Amino acid sequence: MVELRQLRYFATVAEELHFGRAAERLHIVQPAVSQQVRRLERELGVELLERTTRSVSLTEAGQRFLPHARAVLAAADRAVDSVREFRPSGALVRLGTSEGLGDRLEALLRAFAQLAPSASLELVHAPTTQRLQRVRDGSLDATIVRGSWPASGLDFTPLWTDEVWVALPDSHPLAASDVVSFASLAPLPLRLSSPERNRPLADLVLSCCREAGFEPVLGKEFTTAQDTLGTLGFGRPHWTVFYRAHAKLLPVPGVVFRPLRDPSPRMPAYLATPADRRLTPELVALIEAARAVEAG
């Protein structure tokens, strides 16, 4: 069955003749645009776009289909506009969040309040898999997630990229360095969240260790920030990782946070929203607020 979002994605690509620019206009990642246009073509049984490594153009079938797609989209927009006056003022956005957003969350809320002063945010904290399911079933409007997660029924809009820092005992010789190389951590046990709990972060850290030439010795699993940092500062020497935005809010006795190099890990953050619904003005404002925080 043809979906409205597929028509909208196709029409936007047809106007831009570029998948990357179309994705920017739609506030979603480029692979999602390509995937949905391919699904539309499979549903119709024809190719709508001619793709090369250098250009995108409409096929004859695409040229014939485009005005009809625009007509359907215009009719859908008119239907929404017809009831817009009945929409309650001060719309509520139910946003899923996670531990570790740190000062980014405060900056995001401040920027959102400026862009959408009549709207309000209800913040809901839960494990990532639960938040994603709640977005799918409609009990959350959106959630912030880090890294890649199963995309079934969801669109992921890029928000920002976080630096990942190492946390070390302040008594360890590496704490004297302004920046810590990954290879220098090889002798120390690593305390890390399990892949079941946070696969994107586990995969990122383990891949960085391997890029630096070693397989880490895994210590006790990361539980909560408070418990993990408590043992880190006063227990046997080991290391763990925190997002920079979180680390800046965690002055903990006995612990230091340092940037990493060779490699320098980065984790992308996304806004997950239902794939079958158009972004509301409030969610668009939230995305713009997040990008303004990143640019600032």
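Below, the structure is looked at part by part. (Residues numbered from 1 in each chain as written. Predicted model: local features only at pLDDT ≥ 70, side-chain atom pairs only at ≥ 80, totals over all residues. Heavy atoms only, no water.)

## Some details on the layout of surface pockets
Estimates place the volume of the second largest pocket at around 590 Å³. Around the second largest pocket sit 29 residues that line it, and Ser98, Glu99, Ser193, Arg197 and Asn198 are the ones nearest its centre. For the lining of the second largest pocket, the class distribution of residues is 14 nonpolar, nine polar and six charged. (1 Å grid on protein atoms, 1.4 Å probe; cavity = no way out; pocket = protein on both sides within 12 Å on 5 of 7 lines; lining within 4 Å. Points joined across faces, edges and corners; volume = space filled by probe spheres on them. Nonpolar A, V, L, I, M, F, W, Y, C, P; charged D, E, K, R; others polar.)

## Section: unusual backbone geometry
With an omega of 5 degrees, the peptide bond between Asp262 and Pro263 qualifies as cis. Along the chain, Pro263 turns up in the loop between strand E10 (260-261) and strand E11 (266-274). Residue Leu17 is not a glycine yet carries a positive backbone phi of 50 degrees. Along the chain, Leu17 turns up in the loop between helix H1 (4-16) and helix H2 (19-26). (Helix = DSSP H or I, 4+ residues; strand = E, 2+ residues; numbered from the N terminus.)

## Brief notes about the pairing of strand E3 (residues 92-97)
Bridge analysis of E3 against strand E4 (residues 120-125) gives six bridges, and the strand direction is parallel. When the sheet's bridge partners are listed, Arg94 is paired in E4 with Glu122. Crossover connection from E3 via helix H5 (residues 103-115) to parallel E4: handedness right-handed. In terms of strand pairing, E3 meets strand E5 (residues 142-146) through two bridges, oriented parallel. Following the sheet pairing, Gly96 is matched in E5 by Thr143. (Pairing = 2+ DSSP bridges. Right-handed = clockwise from strand over helix to strand, strands pointing away.)

## Section: helix H7 (residues 195-211)
In this model H7 runs just 19 Å from its N-terminal to its C-terminal C-alpha over 17 residues, more than 12% under the 24 Å that 1.5 Å per residue would give. At Leu201, H7 is bent by approximately 55 degrees, the largest bend along its length. Residues of H7 that are buried include every one of Asn198, Pro200, Leu201, Ala202, Leu204, Val205, Leu206, Cys208 and Cys209, and no others. Elements that come into contact with the buried residues of H7 comprise E5, strand E6 (154-169), strand E8 (240-243) and E11. Following H7 by one or two positions, Gly213 adopts a phi angle in the positive range, close to 100 degrees. (Expected span 1.5 Å × (residues − 1). Bend = angle between axes of the 7 residues up to and from the residue. Buried < 20%, exposed > 50% of the residue type's maximum accessible area, 1.4 Å probe, protein only. Contact = heavy atoms within 4.5 Å.)

## With respect to the environment of Leu250
For Leu250, the position within the fold is in the loop between helix H9 (244-247) and strand E9 (255-258). Residues contacting Leu250, with those up to four places away along its chain left out, are Leu229, Phe242 and Phe257.

## Here we look at H1
The first and last C-alpha atoms of H1 sit 18 Å apart over 13 residues, in line with the 18 Å expected at 1.5 Å per residue. Of all 13 residues making up H1, 10 are buried, and the element is well covered by its neighbours. Listed in full, the buried residues belonging to H1 are Arg5, Gln6, Leu7, Arg8, Tyr9, Phe10, Ala11, Thr12, Val13 and Ala14. Leu17, located one to two residues past H1, shows a positive phi value of around 50 degrees.

## A look at the packing of H1 against H2
For the pair H1 and H2, interaxial distance at closest approach is 8 Å and the crossing angle is 125 degrees. Classified by the angle their axes make, H1 and H2 are oblique. For the pair H1 and H2, the sense of crossing is right-handed. Side by side, H1 and H2 meet where Arg8, Tyr9, Thr12, Val13, Glu15 and Glu16 of the first sit next to Phe19, Arg21, Ala22, Arg25 and Leu26 of the second. Grouping the constituent residues of the contact of H1 with H2 by class yields five nonpolar, one polar and five charged. (Axes fitted to C-alpha atoms, helices over the stretch in contact; angles between N-to-C directions. Parallel < 35°, antiparallel > 145°, perpendicular 65-115°, else oblique. Left-handed = near helix turned anticlockwise from the far one by under 90°.)

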